[in-house]
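# Topology and contacts: notes
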Amino acid sequence: MEKKPLDLNELSEKFAAAEFKDLSTSEITEEILRKCGGYGLFQKLLTVFILIYVVFHALSTLTMVFIREKVPFACYPSNFNESMIPPNISLDVFLNDVTVKEEKCSVYTLDIEEGFYILPNSNSTKEPCNNGQKFYTKDLTSIVSEFGLVCEKEWLKNFAVSVMFGGYLIGNLIFGICSDKFGRFKMFCAADILFICCCFAKIHSPNYGVFILLYFLEGFGYAGCYINIYTILLECVSQDYRMHLNFAVHGAFALGETFLAGVAFLLRKWQHLLYAVTIPHILLLIIAVKYIPESPRWLLIQGKFAAAEKSVNRIARTNKRHNQNVGKLIWKLQRETERKSKFEEEVEGNTNPENTNYTAIDLLRKPRRAMITTNIWFNWLVNSMLYYGVTLNSVDMSGNRYINFFMMSAVEIPANILGCISFKWFGHRKPLCFFMVFGGINCIVSNFVPKGNFWFPLLLAVLGKFGTTLSFDGVYLTSAELFPTAVRNGGMGTASSFARFGGIISPLILGLSVYGPWIPLSVYGVFGILAGLLILLLPEMKDACLLQTLEDMDNL
(Lines give C-alpha, C1' and ligand atoms only; values in the text may rest on other atoms or scores of the structure.)
Protein backbone atom coordinates (compact mmCIF):
# COMPACT_ATOMS: atom_id res chain seq x y z
CA MET A 1 0.00 0.00 0.00
CA GLU A 2 1.31 3.45 -0.92
CA LYS A 3 2.22 5.49 2.13
CA LYS A 4 0.37 8.80 2.44
CA PRO A 5 2.78 11.77 2.59
CA LEU A 6 2.86 13.84 5.78
CA ASP A 7 0.86 17.07 5.80
CA LEU A 8 2.99 19.49 7.82
CA ASN A 9 0.17 21.99 8.26
CA GLU A 10 -2.12 19.26 9.55
CA LEU A 11 0.55 18.07 11.98
CA SER A 12 1.07 21.64 13.23
CA GLU A 13 -2.63 22.08 13.81
CA LYS A 14 -2.91 18.76 15.67
CA PHE A 15 0.07 19.71 17.82
CA ALA A 16 -1.48 23.08 18.68
CA ALA A 17 -4.81 21.51 19.47
CA ALA A 18 -3.20 18.94 21.77
CA GLU A 19 -0.91 21.43 23.54
CA PHE A 20 -3.55 24.06 24.24
CA LYS A 21 -6.77 22.08 24.32
CA ASP A 22 -7.36 22.76 28.03
CA LEU A 23 -6.69 26.51 27.87
CA SER A 24 -9.46 29.10 27.92
CA THR A 25 -9.65 32.00 25.48
CA SER A 26 -8.14 34.31 28.07
CA GLU A 27 -5.30 31.89 28.84
CA ILE A 28 -4.46 31.40 25.16
CA THR A 29 -4.39 35.17 24.64
CA GLU A 30 -2.16 35.53 27.68
CA GLU A 31 0.18 32.87 26.30
CA ILE A 32 0.40 34.75 23.01
CA LEU A 33 1.60 37.87 24.84
CA ARG A 34 4.08 35.82 26.86
CA LYS A 35 5.58 34.25 23.75
CA CYS A 36 5.98 37.75 22.30
CA GLY A 37 8.12 38.73 25.25
CA GLY A 38 5.57 39.60 27.94
CA TYR A 39 7.29 42.87 28.77
CA GLY A 40 10.14 43.23 26.33
CA LEU A 41 11.66 46.19 24.50
CA PHE A 42 8.44 46.91 22.61
CA GLN A 43 6.36 47.17 25.78
CA LYS A 44 9.04 49.22 27.53
CA LEU A 45 9.12 51.78 24.72
CA LEU A 46 5.32 51.83 24.71
CA THR A 47 5.34 52.42 28.47
CA VAL A 48 7.78 55.33 28.18
CA PHE A 49 5.67 57.00 25.51
CA ILE A 50 2.41 56.53 27.43
CA LEU A 51 3.91 57.82 30.69
CA ILE A 52 5.14 60.95 28.89
CA TYR A 53 1.71 61.34 27.30
CA VAL A 54 -0.03 61.02 30.68
CA VAL A 55 2.23 63.70 32.20
CA PHE A 56 1.14 66.16 29.49
CA HIS A 57 -2.45 64.94 29.76
CA ALA A 58 -2.43 65.91 33.45
CA LEU A 59 -0.93 69.29 32.60
CA SER A 60 -3.74 69.94 30.12
CA THR A 61 -6.62 68.58 32.19
CA LEU A 62 -5.83 70.49 35.37
CA THR A 63 -5.25 73.90 33.83
CA MET A 64 -8.85 74.49 34.98
CA VAL A 65 -7.39 75.20 38.42
CA PHE A 66 -5.41 78.20 37.19
CA ILE A 67 -7.27 79.61 34.18
CA ARG A 68 -10.19 80.55 36.45
CA GLU A 69 -8.09 82.44 39.02
CA LYS A 70 -9.45 85.63 40.57
CA VAL A 71 -7.93 88.77 39.06
CA PRO A 72 -7.95 92.08 41.00
CA PHE A 73 -10.42 94.58 39.57
CA ALA A 74 -12.13 97.88 40.19
CA CYS A 75 -15.60 99.01 39.16
CA TYR A 76 -16.34 102.07 37.05
CA PRO A 77 -18.97 104.47 38.43
CA SER A 78 -21.94 105.38 36.25
CA ASN A 79 -21.29 108.00 33.55
CA PHE A 80 -17.58 107.68 34.14
CA ASN A 81 -15.34 110.11 32.25
CA GLU A 82 -11.61 109.80 32.81
CA SER A 83 -11.05 113.46 31.91
CA MET A 84 -13.06 114.50 34.98
CA ILE A 85 -10.73 112.81 37.48
CA PRO A 86 -9.25 115.45 39.80
CA PRO A 87 -5.69 116.58 38.91
CA ASN A 88 -2.75 114.72 40.42
CA ILE A 89 -4.84 111.54 40.98
CA SER A 90 -4.16 108.51 38.81
CA LEU A 91 -6.95 106.38 37.40
CA ASP A 92 -6.06 103.41 39.62
CA VAL A 93 -6.00 105.51 42.79
CA PHE A 94 -9.29 107.17 41.86
CA LEU A 95 -11.06 103.86 41.22
CA ASN A 96 -9.74 102.52 44.52
CA ASP A 97 -11.10 105.57 46.34
CA VAL A 98 -14.58 105.27 44.82
CA THR A 99 -14.88 101.55 45.54
CA VAL A 100 -16.90 100.53 48.59
CA LYS A 101 -14.31 98.72 50.70
CA GLU A 102 -16.75 96.33 52.35
CA GLU A 103 -18.52 95.49 49.09
CA LYS A 104 -16.21 94.73 46.20
CA CYS A 105 -19.06 94.98 43.70
CA SER A 106 -20.32 98.41 44.73
CA VAL A 107 -19.10 101.95 44.02
CA TYR A 108 -20.03 105.34 45.38
CA THR A 109 -22.19 107.67 43.33
CA LEU A 110 -20.06 110.64 42.24
CA ASP A 111 -20.86 114.33 42.43
CA ILE A 112 -19.26 116.91 40.16
CA GLU A 113 -17.84 120.26 41.20
CA GLU A 114 -16.13 122.73 38.85
CA GLY A 115 -15.88 120.10 36.14
CA PHE A 116 -14.23 117.43 38.27
CA TYR A 117 -15.46 114.53 40.36
CA ILE A 118 -15.60 114.98 44.12
CA LEU A 119 -14.04 112.09 46.01
CA PRO A 120 -16.78 110.35 48.01
CA ASN A 121 -16.88 109.62 51.73
CA SER A 122 -18.47 106.81 53.72
CA ASN A 123 -21.79 108.64 53.77
CA SER A 124 -22.06 108.88 49.99
CA THR A 125 -24.74 106.88 48.22
CA LYS A 126 -23.81 103.57 46.63
CA GLU A 127 -24.59 101.92 43.33
CA PRO A 128 -23.96 98.39 41.98
CA CYS A 129 -21.06 97.58 39.70
CA ASN A 130 -23.07 97.61 36.47
CA ASN A 131 -20.89 99.90 34.38
CA GLY A 132 -17.91 97.69 33.63
CA GLN A 133 -14.70 96.87 35.44
CA LYS A 134 -11.02 97.51 35.05
CA PHE A 135 -8.94 94.36 35.63
CA TYR A 136 -5.36 94.65 36.82
CA THR A 137 -3.77 92.10 34.50
CA LYS A 138 -0.10 93.08 34.71
CA ASP A 139 0.82 90.00 36.77
CA LEU A 140 -2.07 87.63 36.09
CA THR A 141 -4.82 86.99 33.55
CA SER A 142 -7.54 84.36 33.49
CA ILE A 143 -10.96 83.76 31.95
CA VAL A 144 -12.26 85.97 34.79
CA SER A 145 -10.54 89.03 33.35
CA GLU A 146 -11.07 87.90 29.74
CA PHE A 147 -14.86 87.61 30.00
CA GLY A 148 -15.62 89.80 33.03
CA LEU A 149 -16.69 86.95 35.32
CA VAL A 150 -17.11 88.96 38.51
CA CYS A 151 -19.94 90.22 40.69
CA GLU A 152 -23.24 88.82 39.37
CA LYS A 153 -21.31 86.78 36.76
CA GLU A 154 -18.85 85.25 39.22
CA TRP A 155 -20.68 81.91 39.29
CA LEU A 156 -19.94 81.45 35.59
CA LYS A 157 -16.24 80.75 36.19
CA ASN A 158 -17.16 77.52 37.99
CA PHE A 159 -19.91 76.78 35.49
CA ALA A 160 -17.21 76.34 32.84
CA VAL A 161 -15.65 73.53 34.86
CA SER A 162 -19.04 71.88 35.33
CA VAL A 163 -19.64 72.03 31.58
CA MET A 164 -16.23 70.47 30.93
CA PHE A 165 -17.06 67.62 33.31
CA GLY A 166 -20.37 67.21 31.50
CA GLY A 167 -18.43 66.67 28.28
CA TYR A 168 -16.16 64.27 30.13
CA LEU A 169 -19.18 62.28 31.36
CA ILE A 170 -20.73 61.90 27.90
CA GLY A 171 -17.33 61.28 26.32
CA ASN A 172 -16.69 58.37 28.67
CA LEU A 173 -19.91 56.70 27.55
CA ILE A 174 -19.49 57.36 23.82
CA PHE A 175 -15.78 56.60 23.52
CA GLY A 176 -16.12 53.56 25.77
CA ILE A 177 -18.71 52.03 23.45
CA CYS A 178 -16.98 53.10 20.22
CA SER A 179 -13.54 51.84 21.27
CA ASP A 180 -14.98 48.38 21.94
CA LYS A 181 -16.55 48.45 18.48
CA PHE A 182 -13.99 50.26 16.31
CA GLY A 183 -10.73 49.82 18.22
CA ARG A 184 -8.77 51.51 21.01
CA PHE A 185 -6.22 53.26 18.82
CA LYS A 186 -8.65 54.78 16.32
CA MET A 187 -10.77 56.26 19.09
CA PHE A 188 -7.68 57.54 20.90
CA CYS A 189 -6.56 59.42 17.78
CA ALA A 190 -10.05 60.83 17.18
CA ALA A 191 -10.32 61.98 20.81
CA ASP A 192 -6.85 63.55 20.83
CA ILE A 193 -7.48 65.46 17.61
CA LEU A 194 -10.78 66.76 19.02
CA PHE A 195 -9.08 67.81 22.26
CA ILE A 196 -6.21 69.64 20.49
CA CYS A 197 -8.47 71.50 18.08
CA CYS A 198 -10.90 72.58 20.82
CA CYS A 199 -8.13 73.71 23.15
CA PHE A 200 -6.55 75.97 20.51
CA ALA A 201 -9.95 77.30 19.45
CA LYS A 202 -10.88 77.95 23.08
CA ILE A 203 -7.95 80.34 23.47
CA HIS A 204 -9.42 82.59 20.76
CA SER A 205 -13.08 82.38 21.83
CA PRO A 206 -14.92 85.61 20.90
CA ASN A 207 -17.25 85.34 23.90
CA TYR A 208 -17.97 83.19 26.92
CA GLY A 209 -20.73 81.20 25.24
CA VAL A 210 -18.32 79.92 22.58
CA PHE A 211 -15.71 79.28 25.27
CA ILE A 212 -17.90 76.93 27.31
CA LEU A 213 -19.11 75.13 24.16
CA LEU A 214 -15.50 74.43 23.20
CA TYR A 215 -14.70 73.48 26.79
CA PHE A 216 -17.52 70.91 26.68
CA LEU A 217 -16.11 69.38 23.48
CA GLU A 218 -12.62 69.47 24.97
CA GLY A 219 -13.86 67.50 27.98
CA PHE A 220 -15.50 65.07 25.55
CA GLY A 221 -12.08 64.56 23.94
CA TYR A 222 -10.27 64.26 27.27
CA ALA A 223 -12.39 61.24 28.14
CA GLY A 224 -11.47 59.33 25.00
CA CYS A 225 -7.75 60.03 25.32
CA TYR A 226 -7.02 58.72 28.80
CA ILE A 227 -9.25 55.66 28.88
CA ASN A 228 -7.98 54.38 25.51
CA ILE A 229 -4.26 54.97 26.03
CA TYR A 230 -4.52 53.30 29.45
CA THR A 231 -6.31 50.27 27.97
CA ILE A 232 -3.83 49.92 25.09
CA LEU A 233 -0.95 49.67 27.56
CA LEU A 234 -2.61 47.08 29.79
CA GLU A 235 -3.73 44.99 26.81
CA CYS A 236 -0.23 44.88 25.29
CA VAL A 237 1.48 43.30 28.31
CA SER A 238 1.16 39.98 30.12
CA GLN A 239 -0.56 39.76 33.48
CA ASP A 240 2.63 39.96 35.59
CA TYR A 241 3.06 43.65 34.77
CA ARG A 242 -0.49 45.05 34.90
CA MET A 243 -0.45 46.18 38.50
CA HIS A 244 2.93 47.93 38.30
CA LEU A 245 1.95 49.73 35.11
CA ASN A 246 -1.39 50.83 36.54
CA PHE A 247 0.28 52.69 39.40
CA ALA A 248 3.05 53.94 37.11
CA VAL A 249 0.46 55.55 34.83
CA HIS A 250 -1.40 57.18 37.72
CA GLY A 251 1.93 58.22 39.25
CA ALA A 252 2.79 59.92 35.95
CA PHE A 253 -0.51 61.80 36.16
CA ALA A 254 0.43 62.99 39.66
CA LEU A 255 3.85 64.01 38.37
CA GLY A 256 2.14 66.07 35.68
CA GLU A 257 0.09 67.78 38.39
CA THR A 258 3.23 68.82 40.26
CA PHE A 259 4.81 70.12 37.02
CA LEU A 260 1.70 72.19 36.38
CA ALA A 261 2.33 74.18 39.56
CA GLY A 262 5.70 75.30 38.19
CA VAL A 263 4.44 75.95 34.64
CA ALA A 264 1.50 77.99 35.92
CA PHE A 265 3.84 79.96 38.19
CA LEU A 266 6.03 80.90 35.22
CA LEU A 267 3.17 81.55 32.75
CA ARG A 268 0.65 83.83 34.47
CA LYS A 269 -1.25 84.65 31.27
CA TRP A 270 -3.95 82.02 30.73
CA GLN A 271 -3.51 81.91 26.96
CA HIS A 272 0.25 81.33 27.29
CA LEU A 273 -0.38 78.54 29.79
CA LEU A 274 -2.80 76.77 27.43
CA TYR A 275 -0.42 77.08 24.49
CA ALA A 276 2.42 75.63 26.55
CA VAL A 277 0.51 72.53 27.66
CA THR A 278 -1.28 71.88 24.33
CA ILE A 279 1.47 72.23 21.71
CA PRO A 280 3.36 69.09 22.92
CA HIS A 281 0.22 67.04 22.20
CA ILE A 282 0.68 67.64 18.47
CA LEU A 283 4.13 65.98 18.52
CA LEU A 284 2.87 63.17 20.74
CA LEU A 285 -0.03 62.48 18.36
CA ILE A 286 2.34 62.29 15.38
CA ILE A 287 4.52 59.78 17.25
CA ALA A 288 1.45 57.78 18.28
CA VAL A 289 0.13 57.53 14.72
CA LYS A 290 3.48 56.21 13.54
CA TYR A 291 4.39 53.81 16.34
CA ILE A 292 1.48 52.95 18.68
CA PRO A 293 -0.25 49.64 17.78
CA GLU A 294 -3.84 48.59 17.99
CA SER A 295 -4.48 46.40 21.01
CA PRO A 296 -3.71 42.77 20.03
CA ARG A 297 -6.24 41.55 22.58
CA TRP A 298 -8.97 43.63 20.95
CA LEU A 299 -8.02 42.33 17.48
CA LEU A 300 -8.24 38.75 18.73
CA ILE A 301 -11.59 39.14 20.46
CA GLN A 302 -12.97 40.82 17.33
CA GLY A 303 -11.91 37.84 15.21
CA LYS A 304 -9.39 39.91 13.20
CA PHE A 305 -6.87 37.09 13.30
CA ALA A 306 -4.74 38.17 10.33
CA ALA A 307 -4.31 41.68 11.75
CA ALA A 308 -3.68 40.22 15.20
CA GLU A 309 -0.95 37.92 13.88
CA LYS A 310 0.70 40.84 12.09
CA SER A 311 0.55 42.91 15.28
CA VAL A 312 1.97 40.25 17.60
CA ASN A 313 4.71 39.37 15.11
CA ARG A 314 5.73 43.02 15.11
CA ILE A 315 5.89 42.96 18.91
CA ALA A 316 7.85 39.69 18.85
CA ARG A 317 10.40 41.06 16.33
CA THR A 318 11.01 44.17 18.42
CA ASN A 319 11.45 41.96 21.50
CA LYS A 320 13.78 39.65 19.51
CA ARG A 321 11.35 36.78 20.05
CA HIS A 322 10.45 36.32 16.38
CA ASN A 323 11.49 32.68 16.48
CA GLN A 324 8.53 31.94 18.77
CA ASN A 325 5.68 30.49 16.73
CA VAL A 326 2.57 32.34 17.86
CA GLY A 327 0.72 31.30 14.73
CA LYS A 328 -0.46 28.02 16.25
CA LEU A 329 -1.90 29.86 19.24
CA ILE A 330 -3.78 32.27 17.01
CA TRP A 331 -4.93 29.30 14.93
CA LYS A 332 -6.26 27.69 18.12
CA LEU A 333 -8.21 30.83 18.98
CA GLN A 334 -9.61 31.02 15.46
CA ARG A 335 -10.74 27.40 15.54
CA GLU A 336 -12.35 27.87 18.96
CA THR A 337 -14.14 30.99 17.73
CA GLU A 338 -15.39 29.22 14.60
CA ARG A 339 -16.53 26.22 16.64
CA LYS A 340 -18.41 28.41 19.10
CA SER A 341 -19.91 30.49 16.30
CA LYS A 342 -21.16 27.38 14.53
CA PHE A 343 -22.65 26.03 17.74
CA GLU A 344 -24.46 29.29 18.51
CA GLU A 345 -25.71 29.52 14.94
CA GLU A 346 -27.13 26.01 15.00
CA VAL A 347 -28.43 25.86 18.58
CA GLU A 348 -29.25 29.45 19.47
CA GLY A 349 -30.18 30.75 16.04
CA ASN A 350 -27.61 33.54 16.07
CA THR A 351 -26.68 33.97 12.43
CA ASN A 352 -23.69 36.24 12.99
CA PRO A 353 -22.39 35.65 16.52
CA GLU A 354 -18.74 36.32 15.83
CA ASN A 355 -19.47 39.96 15.01
CA THR A 356 -21.66 40.61 18.03
CA ASN A 357 -21.05 44.12 19.37
CA TYR A 358 -21.32 44.04 23.13
CA THR A 359 -22.10 47.12 25.23
CA ALA A 360 -22.07 47.96 28.93
CA ILE A 361 -25.69 46.73 29.11
CA ASP A 362 -24.42 43.18 28.52
CA LEU A 363 -22.53 43.46 31.82
CA LEU A 364 -25.91 43.43 33.58
CA ARG A 365 -27.60 40.56 31.73
CA LYS A 366 -26.56 37.78 34.13
CA PRO A 367 -26.58 37.85 37.95
CA ARG A 368 -22.85 37.23 38.43
CA ARG A 369 -21.87 39.90 35.93
CA ALA A 370 -24.41 42.34 37.33
CA MET A 371 -23.15 41.89 40.90
CA ILE A 372 -19.54 42.54 39.91
CA THR A 373 -20.42 45.43 37.60
CA THR A 374 -22.69 47.34 39.96
CA ASN A 375 -20.15 46.90 42.74
CA ILE A 376 -17.43 48.43 40.57
CA TRP A 377 -19.63 51.28 39.35
CA PHE A 378 -20.70 52.09 42.91
CA ASN A 379 -17.06 52.20 43.99
CA TRP A 380 -16.19 54.62 41.19
CA LEU A 381 -19.04 56.89 42.28
CA VAL A 382 -18.01 56.80 45.96
CA ASN A 383 -14.30 57.24 45.21
CA SER A 384 -15.06 60.36 43.19
CA MET A 385 -17.42 61.62 45.89
CA LEU A 386 -14.73 61.16 48.55
CA TYR A 387 -11.98 62.65 46.38
CA TYR A 388 -13.89 65.87 45.74
CA GLY A 389 -15.33 65.85 49.25
CA VAL A 390 -11.83 65.82 50.73
CA THR A 391 -10.77 68.57 48.35
CA LEU A 392 -13.78 70.79 49.00
CA ASN A 393 -13.57 70.30 52.77
CA SER A 394 -9.83 70.70 53.07
CA VAL A 395 -8.45 73.66 54.91
CA ASP A 396 -8.34 76.87 52.95
CA MET A 397 -4.60 76.94 53.31
CA SER A 398 -2.95 80.32 53.53
CA GLY A 399 0.15 81.09 51.55
CA ASN A 400 1.17 80.75 47.93
CA ARG A 401 -1.48 79.05 45.81
CA TYR A 402 1.16 77.41 43.59
CA ILE A 403 2.91 75.84 46.59
CA ASN A 404 -0.43 74.68 47.99
CA PHE A 405 -1.34 73.03 44.69
CA PHE A 406 2.10 71.44 44.50
CA MET A 407 1.73 69.97 48.00
CA MET A 408 -1.71 68.49 47.37
CA SER A 409 -0.50 67.03 44.04
CA ALA A 410 2.84 65.72 45.27
CA VAL A 411 1.18 63.55 47.94
CA GLU A 412 -0.30 61.43 45.14
CA ILE A 413 3.16 60.20 44.10
CA PRO A 414 3.96 58.34 47.37
CA ALA A 415 0.33 57.17 47.37
CA ASN A 416 0.94 55.35 44.08
CA ILE A 417 4.23 53.90 45.34
CA LEU A 418 2.53 52.54 48.46
CA GLY A 419 -0.33 51.25 46.31
CA CYS A 420 2.09 49.28 44.13
CA ILE A 421 3.81 47.75 47.16
CA SER A 422 0.60 46.89 49.03
CA PHE A 423 -1.07 45.38 45.93
CA LYS A 424 2.02 43.23 45.37
CA TRP A 425 2.16 41.93 48.94
CA PHE A 426 -1.49 41.67 49.90
CA GLY A 427 -3.39 41.18 46.63
CA HIS A 428 -5.80 43.67 45.12
CA ARG A 429 -8.97 43.45 47.20
CA LYS A 430 -7.62 43.88 50.73
CA PRO A 431 -5.54 47.06 50.16
CA LEU A 432 -8.36 48.60 48.15
CA CYS A 433 -10.82 47.81 50.93
CA PHE A 434 -8.44 49.19 53.57
CA PHE A 435 -7.84 52.52 51.85
CA MET A 436 -11.52 53.01 51.04
CA VAL A 437 -12.41 52.44 54.70
CA PHE A 438 -9.47 54.66 55.71
CA GLY A 439 -10.85 57.47 53.58
CA GLY A 440 -14.30 57.04 55.09
CA ILE A 441 -12.99 57.07 58.66
CA ASN A 442 -10.89 60.13 57.85
CA CYS A 443 -14.05 62.02 56.86
CA ILE A 444 -15.87 61.07 60.06
CA VAL A 445 -12.90 61.96 62.29
CA SER A 446 -12.74 65.39 60.62
CA ASN A 447 -16.00 66.25 62.39
CA PHE A 448 -14.18 66.21 65.73
CA VAL A 449 -11.25 68.47 64.81
CA PRO A 450 -10.89 71.28 67.39
CA LYS A 451 -11.87 74.64 66.00
CA GLY A 452 -8.99 77.06 65.48
CA ASN A 453 -6.42 74.29 65.08
CA PHE A 454 -4.58 74.65 61.74
CA TRP A 455 -2.07 71.83 61.49
CA PHE A 456 -4.31 68.92 62.43
CA PRO A 457 -6.94 69.75 59.77
CA LEU A 458 -4.13 70.19 57.26
CA LEU A 459 -2.75 66.76 58.16
CA LEU A 460 -6.20 65.23 57.71
CA ALA A 461 -6.55 66.92 54.31
CA VAL A 462 -3.23 65.48 53.14
CA LEU A 463 -4.00 62.01 54.53
CA GLY A 464 -7.46 62.13 52.97
CA LYS A 465 -6.00 63.01 49.57
CA PHE A 466 -3.43 60.22 50.06
CA GLY A 467 -6.05 57.56 50.81
CA THR A 468 -8.59 58.55 48.17
CA THR A 469 -5.88 58.77 45.51
CA LEU A 470 -4.69 55.26 46.29
CA SER A 471 -8.19 53.78 46.35
CA PHE A 472 -9.19 55.58 43.14
CA ASP A 473 -6.11 54.28 41.31
CA GLY A 474 -6.75 50.80 42.70
CA VAL A 475 -10.35 50.66 41.56
CA TYR A 476 -9.16 51.72 38.09
CA LEU A 477 -6.97 48.60 37.90
CA THR A 478 -9.67 46.38 39.37
CA SER A 479 -12.10 47.54 36.69
CA ALA A 480 -9.68 46.80 33.86
CA GLU A 481 -9.09 43.31 35.29
CA LEU A 482 -12.73 42.38 35.83
CA PHE A 483 -14.26 43.81 32.65
CA PRO A 484 -13.46 41.50 29.70
CA THR A 485 -11.80 42.74 26.51
CA ALA A 486 -15.08 42.38 24.60
CA VAL A 487 -16.60 45.22 26.62
CA ARG A 488 -13.71 46.57 28.72
CA ASN A 489 -13.79 50.17 27.55
CA GLY A 490 -17.58 50.26 27.55
CA GLY A 491 -17.60 49.10 31.18
CA MET A 492 -14.82 51.45 32.23
CA GLY A 493 -16.35 54.34 30.33
CA THR A 494 -19.63 53.83 32.16
CA ALA A 495 -17.74 53.51 35.44
CA SER A 496 -15.96 56.79 34.77
CA SER A 497 -19.33 58.39 34.06
CA PHE A 498 -20.50 57.22 37.49
CA ALA A 499 -17.40 58.94 38.86
CA ARG A 500 -18.52 62.18 37.22
CA PHE A 501 -21.90 61.75 38.94
CA GLY A 502 -20.00 61.35 42.20
CA GLY A 503 -18.24 64.63 41.53
CA ILE A 504 -21.59 66.31 40.89
CA ILE A 505 -23.20 64.83 44.01
CA SER A 506 -20.30 65.76 46.28
CA PRO A 507 -21.00 69.52 46.53
CA LEU A 508 -24.74 68.82 46.87
CA ILE A 509 -24.02 66.75 49.98
CA LEU A 510 -22.13 69.73 51.36
CA GLY A 511 -25.45 71.60 51.26
CA LEU A 512 -26.74 69.30 54.00
CA SER A 513 -24.61 71.30 56.44
CA VAL A 514 -27.61 73.63 56.95
CA TYR A 515 -29.19 70.78 58.93
CA GLY A 516 -26.02 70.05 60.89
CA PRO A 517 -22.34 70.80 60.23
CA TRP A 518 -21.43 67.17 60.94
CA ILE A 519 -23.76 65.66 58.31
CA PRO A 520 -21.79 66.07 55.01
CA LEU A 521 -18.55 64.47 56.22
CA SER A 522 -20.49 61.74 57.99
CA VAL A 523 -22.31 60.90 54.74
CA TYR A 524 -18.99 60.74 52.90
CA GLY A 525 -17.57 58.53 55.63
CA VAL A 526 -20.45 56.05 55.69
CA PHE A 527 -20.41 55.68 51.91
CA GLY A 528 -16.63 55.22 51.92
CA ILE A 529 -16.75 52.46 54.53
CA LEU A 530 -19.66 50.71 52.79
CA ALA A 531 -17.94 50.81 49.37
CA GLY A 532 -14.71 49.50 50.89
CA LEU A 533 -16.43 46.54 52.49
CA LEU A 534 -18.26 45.73 49.23
CA ILE A 535 -14.88 45.41 47.51
CA LEU A 536 -14.37 42.17 49.47
CA LEU A 537 -17.20 40.60 47.44
CA LEU A 538 -15.20 40.96 44.19
CA PRO A 539 -12.96 38.15 42.87
CA GLU A 540 -9.23 38.46 43.56
CA MET A 541 -7.46 39.11 40.25
CA LYS A 542 -3.84 39.49 41.33
CA ASP A 543 -2.43 36.49 39.41
CA ALA A 544 -5.31 35.97 36.97
CA CYS A 545 -5.27 36.41 33.21
CA LEU A 546 -6.87 39.50 31.74
CA LEU A 547 -10.40 38.41 30.82
CA GLN A 548 -11.31 38.17 27.15
CA THR A 549 -15.00 37.19 26.96
CA LEU A 550 -18.16 37.72 28.97
CA GLU A 551 -18.20 33.98 29.62
CA ASP A 552 -14.83 34.33 31.36
CA MET A 553 -16.43 36.91 33.62
CA ASP A 554 -19.38 34.61 34.34
CA ASN A 555 -16.99 31.87 35.44
CA LEU A 556 -15.15 33.95 38.06
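Scroll up a little and you will see the structure.
Residues numbered from 1 in each chain as written. Predicted model: local features only at pLDDT ≥ 70, side-chain atom pairs only at ≥ 80, totals over all residues. Heavy atoms only, no water.

### With respect to unusual backbone geometry
Look at C151: it is not a glycine, yet its phi comes out positive at around 55°. Position of C151 among the secondary structure elements: in the loop between α6 (143–147) and α7 (156–182). (Helix = DSSP H or I, 4+ residues; strand = E, 2+ residues; numbered from the N terminus.)

### A word on the nonpolar core
Within soluble globular proteins, side chains that are nonpolar tend to cluster in buried spots. Core analysis: the biggest nonpolar cluster contains 112 residues, and Y208 and F211 have the highest contact counts within it. The biggest single contributor to this core is helix α9 (residues 208–235), with 15 residues. When neighbours within four sequence positions are excluded, Y208 is seen to be in contact with I143, F147, L149, L156, K157 and A160. Listed in part, the 12 residues of the second largest apolar core include I32, F42, A308 and A316. (Core = buried A, V, L, I, M, F, W, Y, C linked by side-chain atoms within 4.5 Å. Buried < 20%, exposed > 50% of the residue type's maximum accessible area, 1.4 Å probe, protein only. Contact = heavy atoms within 4.5 Å.)

### Regarding the state of the cysteines
Per the stated rule, a full pass over the model turns up 2 disulfides. The partner cysteine of C75 in its disulfide is C129, sulfur to sulfur 2.1 Å. Taking the sign of the S-S torsion, -105° for the link of C75 and C129, the bridge is left-handed. Taken as a pair, C75 in strand β1 (residues 73–75) and C129 in the loop between β5 (126–128) and β6 (133–135) lie far apart in primary sequence, 54 residues in all. Judged by relative accessible area, C75 falls into the buried class, the value being 0%. What makes C129 buried here is its relative accessible area of 2%. (Disulfide = S-S within 2.5 Å.)

### Comments concerning helix α5 (residues 91–98)
Of all the positions in α5, only L91, F94, L95 and V98 are classed as buried. Along the axis of α5, the buried positions cluster into a sector of 95°, meaning they face one direction only. In this structure, the buried residues of α5 make contact with β1, β2 (106–108), β4 (116–118) and β6. (Arc of directions from axis to C-beta.)

### Side note on the packing of helix α17 (residues 412–426) against helix α18 (residues 429–445)
Viewed as axis vectors pointing N to C, α17 and α18 meet at an angle of 135°, and their least axial separation amounts to 7 Å. Taken together, the axes of α17 and α18 are oblique relative to one another. Contacts between α17 and α18 involve L418, S422, F423 and F426 from the first element and K430, P431, L432 and F435 from the second. (Axes fitted to C-alpha atoms, helices over the stretch in contact; angles between N-to-C directions. Parallel < 35°, antiparallel > 145°, perpendicular 65-115°, else oblique.)

### Some details on the packing of aromatic side chains
Tallied over the entire structure, the rule returns 26 aromatic pairs. Relative to Y476, the ring of Y230 has its centre 4.7 Å away and its plane inclined at 70°; by these criteria the two rings are edge-to-face. With a gap of 246 residues between them, Y230 in helix α9 and Y476 in helix α19 (residues 455–482) connect regions that are remote in the sequence. For the pair F247 and F423, a centre-to-centre distance of 5.1 Å together with 80° between the ring planes defines the contact as edge-to-face. With a gap of 176 residues between them, F247 in helix α10 (residues 242–266) and F423 in helix α17 connect regions that are remote in the sequence. When its relative accessible area of 3% is taken as the criterion, F247 is described as buried. One cation-aromatic arrangement involves K290 over Y291; the distance from NZ or CZ to the ring centre is 5.7 Å. (Phe/Tyr/Trp six-rings, centres within 6.5 Å; stacked < 30°, edge-to-face > 60°. Lys NZ or Arg CZ within 6 Å of the ring centre and 35° of its normal.)

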